[in-house]
Amino acid sequence: MIFVTADSCRTQLERLTQLLILAFPGSTIYQHTDLCRVPHDVLNHKVDAVFLEIEPDKTNGLDFVQMLRRQKSNLPVFIISQTEDLREEAAEAGANDYFVQPVTEQQLRDAIQSVKDKENAS
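Residues numbered from 1 in each chain as written. Predicted model: local features only at pLDDT ≥ 70, side-chain atom pairs only at ≥ 80, totals over all residues. Heavy atoms only, no water.

Draft legend 1. Representation of helix 1 (residues 10–23) in the model. Look at helix 1: 20 Å from first C-alpha to last across 14 residues, which is about the 20 Å you get at 1.5 Å a residue. Here helix 1 has its buried residues at Leu13, Leu16, Thr17, Leu19, Leu20 and Ala23. Taken around the axis of helix 1, the buried residues stretch over an arc of 160°, which confines them to a single face. Facing away from the buried surface of helix 1 by more than 90 degrees, the exposed residues are Thr11, Gln18 and Leu22. In this structure, the buried residues of helix 1 make contact with strand 1 (2–6), strand 2 (28–32), strand 3 (49–53), strand 4 (77–81) and helix 5 (105–121). (Helix = DSSP H or I, 4+ residues; strand = E, 2+ residues; numbered from the N terminus. Expected span 1.5 Å × (residues − 1). Buried < 20%, exposed > 50% of the residue type's maximum accessible area, 1.4 Å probe, protein only. Arc of directions from axis to C-beta. Contact = heavy atoms within 4.5 Å.)

Draft legend 2. Spatial organisation of helix 3 (residues 60–71). Taking 1.5 Å of rise per residue, the 12 residues of helix 3 would be expected to cover 16 Å, and the 17 Å separating its terminal C-alpha atoms lies within 8% of that figure. Of all the residues in helix 3, the buried ones are Gly61, Leu62, Phe64, Val65, Leu68 and Arg69. An end-on view of helix 3 places all buried positions within 150° of arc, on one side of the element. On the buried face of helix 3, the contacting elements are helix 2 (38–44), strand 3, strand 4 and helix 4 (87–93).

Draft legend 3. How the structure looks around the pairing of strand 4. Counting buried residues in strand 4 gives 5 out of 5 residues, a clear majority hidden from the surface. Looking at chain direction, strand 3 and strand 4 are connected through 4 bridges and run parallel. Opposite Glu53, over in strand 4, you have Ile80 as the bridge partner. Traced from strand 4 through helix 4 to strand 5 (residues 97–100), the parallel crossover comes out right-handed. (Pairing = 2+ DSSP bridges. Right-handed = clockwise from strand over helix to strand, strands pointing away.)

Draft legend 4. How the structure looks around the sheet that holds strand 2. Read from one edge of the open sheet, 5 strands run 2-1-3-4-5, paired in parallel fashion. The outermost strands of the open sheet, each flanked by one partner alone, are strand 2 and strand 5. Neighbour-to-neighbour, the strand axes of the sheet open up by a mean angle of 20°, direction not taken into account. The pairing of strand 4 with strand 5 spans 4 bridges and is parallel. (Axes fitted to C-alpha atoms, helices over the stretch in contact; angles between N-to-C directions.)

Draft legend 5. How the structure looks around the nonpolar core. Core analysis: the largest hydrophobic core is formed by 20 residues, its most contacted members being Val38, Val50, Leu52, Leu68, Val77 and Ile79. Among the elements of the structure, strand 1, helix 2, strand 3, helix 3, strand 4 and helix 4 are those that each provide at least two residues to this core. Ranked by the residues each element gives to this core, the list is headed by helix 3, at 4 residues. Once you skip the residues sitting within four places of it in the chain, Ile79 turns out to touch Leu52, Ile54, Val65, Ala90, Ala95, Asp97, Tyr98 and Phe99. Phe99, Val103, Leu108 and Ile112 belong to the second largest nonpolar core, which has 17 residues in total. (Core = buried A, V, L, I, M, F, W, Y, C linked by side-chain atoms within 4.5 Å.)

Purely geometric numbers; function is a separate question.
As structure tokens, then:
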């Protein structure tokens, strides 16, 4: 699988990457500490999902989710945050799911499986 991850904190980005590799061995993961780099990978690769860390006080990440939705409407986009504060706004912006740190390997597997199940049901 191919994933794109974005988190302004390099340590959290590395942790997320490790979890994705454990959950989906052999995956390719494009990491970014800057949200603005994500569209390049999304548009130039067959990305299976995007995982974005959004800080509770910075809602520009939600605008970013909407932009990704306009570019690739079927692309699964997952939000990771430190708090529950933006859960409702993330859903309205089109995020497939919303996780509060710390995220587990099982949550990542379940999220991807949920998207696959919805695609198969369509």
